[in-house]
Every structure is written in structure tokens, then in C-alpha cells.
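Structural features, examined
Single-letter residue listing:
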Amino acid sequence: MTEVSDTRQVPLEAKSPFDLRVDLGKDVPETDVRTALARGDMGFLHSFTTGSAVDGPGIRVVGWTTGCMWRCQYCHNPDTWTMRNGIPVSVTQTLEELRKYRHGLKVMSGGVTISGGEPLMQRPFVMKVLSGAREMGIHTAIETNGFLGAELTDADLGSIDLVLLGIKTWGRERHRALTGRDPEPTLEFARRLAARGLPVWVRFVLVPGLTDDTSDIAQIASFAARLGNVQRVEVLPFHQMGRFKWQTLGIRYALENTAPPSAAAVAEACGIFRAQGLRAD
């Protein structure tokens, strides 16, 4: 497999993950895509962003992958659902990009976070990147919905310092209505991480009228507290920064008129997690 380059000359680094990017990998032959993804030689990235203080500890570089099997109603990056909307890059190119920042990341107690999309849809590529980052002494994190967590080997988990695990809501029917998928694979992955003692930050998006039922939040809090490895819960207020993407892509957006939660609602949700002895903010 030869090195791949972006024929459209779109820079890999973006000012924001909210940039709309489509069809950047559509010209890569299908046979090359399948072979490279299976071997992990190549992946598809929406972008890299630098200087993030909200995607793990310290100041971080974040690689945003494309491809996701979920269809969350509140998704702010629906352009990442399609893998070939991303820029085709090799592992070598990706690690060269990371190498530019390795000293600064160490000084700022940061690292690299691979997010998405859903990064585990490109597991071989992502794990080669994280393993290479680890060899450079860079702290590694992955943000995932956990649905494909069973595909990670124990060796894969050994290259991950932190998992940012999205738990979307509670109960099978509500979870399927929200994401299109069952919750059990995510919960089973959480249990596996707990058994291993791998640090987890739980991410929960608070959406008025959709995920703000206090009894559901209490169930998530109880589950997270029982795991024993959850270092932090991030209650993320819903926002409309990705609405223009749904409109531009011609996808019906059910939350068009949904307002962000109030400060009081966010505080109440945090309080439910704290009542279970968890750090929440």
C-alpha cells in the first residue's frame, strides 16, 4: 500500500471539529480502502485539532475519525457518519503529525485523543496510531460509544491510557430511539474496562425532553458508580452548533427547535452523579 495524499489539498488540521467536510476520500479505489482498513495501514480522518482542553486531561491533540454506526438524534457531526467523507491518511502520516506536538503535549500534561465518528470502526488503524503515540511517550485516550468494544484485544487495551465512554441514556427502548442501537454492548464494554481497572471518563449529553429524565440519569449514575474505575463524569449540555450540518446535508433534524438545557438542569444532573460518589462537572 503506497502513501496516500489528499488530492483536494484540504489541510488535515482544522480550526474546529465543526468544519463541514464531505467526499474527501471518495476517489480512493474500493479495493485499496478495504485492504488498508483491514490491515490498519490507512484510515479516514475528518481532521486534527490542536489545543483541546476538553477531550481528556491536559492540553491535547484530537484526531477525529469518520464512520459511525449510530445515528444519535443530537449528533453535532453527521458528516462523520460516512467514512469516505474523511481525508485518507496513512499511519505514518498520522504519527508524523503527532510527532510535531509530542514535546508540548508532555509539558502541558496532555496527549492525543482519537474521537469521531466512532473510532472503533477503524480499529486496526486507530490502534496502530495509539500504539505509535505510546511509543513516543504520549498519553493516549479514545472517545467511543463502546458498541464495538468487544473487538478490542487485551493488547489493544494496553495501548490506551484513558477511555472517554459515551453513555447516551438508559433502557433499551429509549436507547434505540435515541441512537438506533441497543445499549448492552456499551455496558458490557464498560464492565470489561472496570474488570481491567482501565480509567474511564463517562460522557453524558443532557438534552431537554430527550435525556433529562432524572430516573434515567440516576440509573446511569448507579451503574457508573458500581464500576469502580470511573474517574469523572462529564455532563455535556446539548447545543445547536452542528445544526447547519444537518441542514446542508439534507438530513431531517428532529431537534431543530430544542434549546440547550438551563444551568439549573445541568447542575441537577451533576448532583445526581455526585450523590453516587462520582466526580461530575
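This text goes with the structure placed above it.
Residues numbered from 1 in each chain as written. Predicted model: local features only at pLDDT ≥ 70, side-chain atom pairs only at ≥ 80, totals over all residues. Heavy atoms only, no water.

Below, the discussion takes up the pattern of salt bridges. Under the criterion given, the structure shown has 21 salt bridges. Linking Arg172 and Asp182 is a salt bridge whose minimum nitrogen-to-oxygen distance equals 3.2 Å. Residue Arg172 is located in helix α6 (residues 172–179), and its partner Asp182 is located in the loop between α6 and α7 (184–196); the two are separated by 10 residues in the primary sequence. Between Glu184 and Arg191 there is a salt bridge; the shortest N-O distance is 2.8 Å. The exposure class assigned to Glu184 is partly exposed, which follows from its relative accessible area of 40%. Looking at Arg191, the relative accessible area reads 35%, which means it is partly exposed. Members of the salt-bridge network, linked through shared partners, are Asp55, Glu143, Arg203, Arg232, Glu234, Arg279 and Asp281. (Salt bridge = Lys/Arg side-chain N within 4 Å of Asp/Glu carboxyl O. Helix = DSSP H or I, 4+ residues; strand = E, 2+ residues; numbered from the N terminus. Buried < 20%, exposed > 50% of the residue type's maximum accessible area, 1.4 Å probe, protein only.)

In this section: the pairing of strand β6 (residues 162–166). The buried fraction of β6 is high, at five of five residues. The alternating pattern of β6 places Leu162, Leu164 and Gly166 on one face and Val163 and Leu165 on the opposite face, and all of these are buried. Of the strand pairs in this sheet, strand β5 (residues 139–144) and β6 are connected by four bridges, and their pairing is parallel. Counted as the bridge partner of Ala141 is Leu162 from β6. (Pairing = 2+ DSSP bridges.)

Here we take up unusual backbone geometry. Backbone torsion omega between Gly116 and Gly117 reads 20 degrees, so that peptide bond is classified as cis. Among the structural elements, Gly117 can be located in the loop between β4 (111–115) and α4 (123–135). Here Ser109, not a glycine, exhibits a phi torsion of approximately 50 degrees, which is positive. Here Ser109 lies in the loop between α3 (102–107) and β4. What makes Ser109 exposed here is its relative accessible area of 54%.

In this section: the packing of helix α2 (residues 91–99) against α4. The N-to-C vectors of α2 and α4 enclose an angle of 35 degrees; their axes lie 10 Å apart at closest approach. Note that α2 runs across α4; the crossing there is right-handed. Contacts from Val91, Thr94, Leu95 and Leu98 in α2 reach Phe125, Lys128, Val129, Gly132 and Ala133 in α4. Class assignment for the residues of the contact of α2 with α4 results in six nonpolar, two polar and one charged. (Axes fitted to C-alpha atoms, helices over the stretch in contact; angles between N-to-C directions. Left-handed = near helix turned anticlockwise from the far one by under 90°. Contact = heavy atoms within 4.5 Å. Nonpolar A, V, L, I, M, F, W, Y, C, P; charged D, E, K, R; others polar.)

Attention shifts here to α4. For α4, spanning 13 residues, the distance from its first C-alpha to its last is 18 Å, which sits close to the expected 18 Å at 1.5 Å a residue. Taken together, the buried positions of α4 are occupied by Phe125, Val126, Met127, Val129, Leu130, Gly132 and Ala133. Two residues or fewer past α4, Gly137 is found with a positive phi of approximately 80 degrees. (Expected span 1.5 Å × (residues − 1).)

Consecutive side chains of a regular strand alternate in pointing toward one face of the sheet and then the other. Burial within β5 is extensive, with five of its six residues counted as buried. Since β4 and β5 lie parallel, the crossover through α4 that links them has a hand, and here it is right-handed. (Right-handed = clockwise from strand over helix to strand, strands pointing away.)

Moving on to the packing of aromatic side chains. Following the criterion strictly, the structure yields five aromatic pairs and no others. With 5.4 Å between their ring centres and 85 degrees between their planes, Trp81 and Trp246 make a pair best called edge-to-face. Here Trp246 lies in helix α9 (residues 243–249) and Trp81 lies in the loop between β2 (60–65) and β3 (87–90), a separation of 165 residues in the sequence. Judged by relative accessible area, Trp81 falls into the buried class, the value being 13%. Each ring, one from Trp246 and one from Tyr253, has its centre 4.8 Å from the other, and the planes form 35 degrees; the classification is tilted. Across the pair, Tyr253 and Trp246 agree in class, each one buried. Members of the aromatic cluster, joined through ring pairs, are Trp81, Trp246 and Tyr253. Arg232 extends its terminal NZ or CZ atom over the ring of Trp201, reaching a point 4.6 Å from the ring centre. (Phe/Tyr/Trp six-rings, centres within 6.5 Å; stacked < 30°, edge-to-face > 60°. Lys NZ or Arg CZ within 6 Å of the ring centre and 35° of its normal.)

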